[in-house]
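# Structural characterization, general
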Amino acid sequence: MSADEILAAYTWMVGDCFRCAKVEVATTQIGEIDTPAGGRYEVRACEACVLAMEGERRAWAERSGLDYAPGDLGAA
Ligand SMILES: [Zn+2]
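Quick look at the structure, then. A quick note: this is a predicted structure, and the numbers were derived from the prediction, not measured.

## A look at the overall build of the protein
Tallying secondary structure elements over the protein gives two helices and three strands in all. Taking the principal axes of the C-alpha coordinates as reference, the protein spans close to 40 × 25 × 20 Å. For the protein, contacts bridging at least 24 residues in sequence account for 38% of all contacts bridging at least 6.

## Focus: the pairing of strand β2 (residues 25-34)
Bridge count between strand β1 (residues 13-15) and β2: three bridges; the pairing is antiparallel. Residue pairing across strands places Gly 15 opposite Val 25, the latter belonging to β2. The pairing of β2 with strand β3 (residues 40-46) spans seven bridges and is classified as antiparallel. Along β3, the bridge assignment pairs Thr 27 with Cys 46. Between β2 and β3, which pair antiparallel one after the other, the connecting turn spans five residues, and Gly 38 there sits at a positive phi close to 95°.

## A word on the sheet that holds β1
Overall, antiparallel pairing links the three strands, which are arranged β1-β2-β3 in an open sheet. Each edge of the open sheet carries a strand with a single partner, namely β1 and β3. Strand-to-strand, the axes of this sheet are offset by a mean angle of 55°, without reference to chain direction. Strands in contact with helix α2 (residues 47-64) are β2 and β3; relative to β3, the strand with the most contacts, it is inclined by about 85°.

## Focus on the environment of Tyr 10
By the element assignment, Tyr 10 lies in the loop between α1 (3-7) and β1. The class for Tyr 10 is partly exposed, based on 19 C-beta atoms found within 10 Å. Not counting residues within four places of it along the chain, the set of residues in contact with Tyr 10 comprises Thr 28, Val 50 and Gly 71.

## With respect to unusual backbone geometry
Although it is not a glycine, Ala 21 adopts a positive phi angle of roughly 70°. Mapped onto the secondary structure, Ala 21 falls in the loop between β1 and β2. A positive phi angle, close to 55°, is found at Glu 24, a residue other than glycine. Position of Glu 24 among the secondary structure elements: in the loop between β1 and β2.

## Overview of the nonpolar core
Cys 17, Ile 30, Ala 45, Cys 46, Cys 49 and Val 50 together form the largest nonpolar core, which totals six residues. For this core, the elements supplying multiple residues, two or more each, are β3 and α2. The contacts of Cys 49, once residues within four sequence positions are left out, are Cys 17, Arg 19 and Cys 20.

Thresholds applied
Residues numbered from 1 in each chain as written. Predicted model: local features only at pLDDT ≥ 70, side-chain atom pairs only at ≥ 80, totals over all residues. Helix = DSSP H or I, 4+ residues; strand = E, 2+ residues; numbered from the N terminus. Contact = placed C-beta atoms within 7 Å. Pairing = 2+ DSSP bridges. Axes fitted to C-alpha atoms, helices over the stretch in contact; angles between N-to-C directions. Buried ≥ 20, exposed ≤ 12 C-beta atoms within 10 Å, placed from the backbone. Core = buried A, V, L, I, M, F, W, Y, C linked by C-beta atoms within 7 Å.

In structure tokens:
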């Protein structure tokens, strides 16, 4: 599976990456955090970080004998 195929599994918008702290880059939402004050914070990641995290998921799936499919980072 190519990087393009993995990235195509997500929807991209300009934003800030939570993982590497890049700002104003192409990001996809991978989670949400509700703050104690009642706000909602979007957790977004850039292309490089999504590929890194998908790589970890794929390695884990292979070790565990499970099928791997990209696109589930925000679905946990
Ligand atoms: Zn990043």
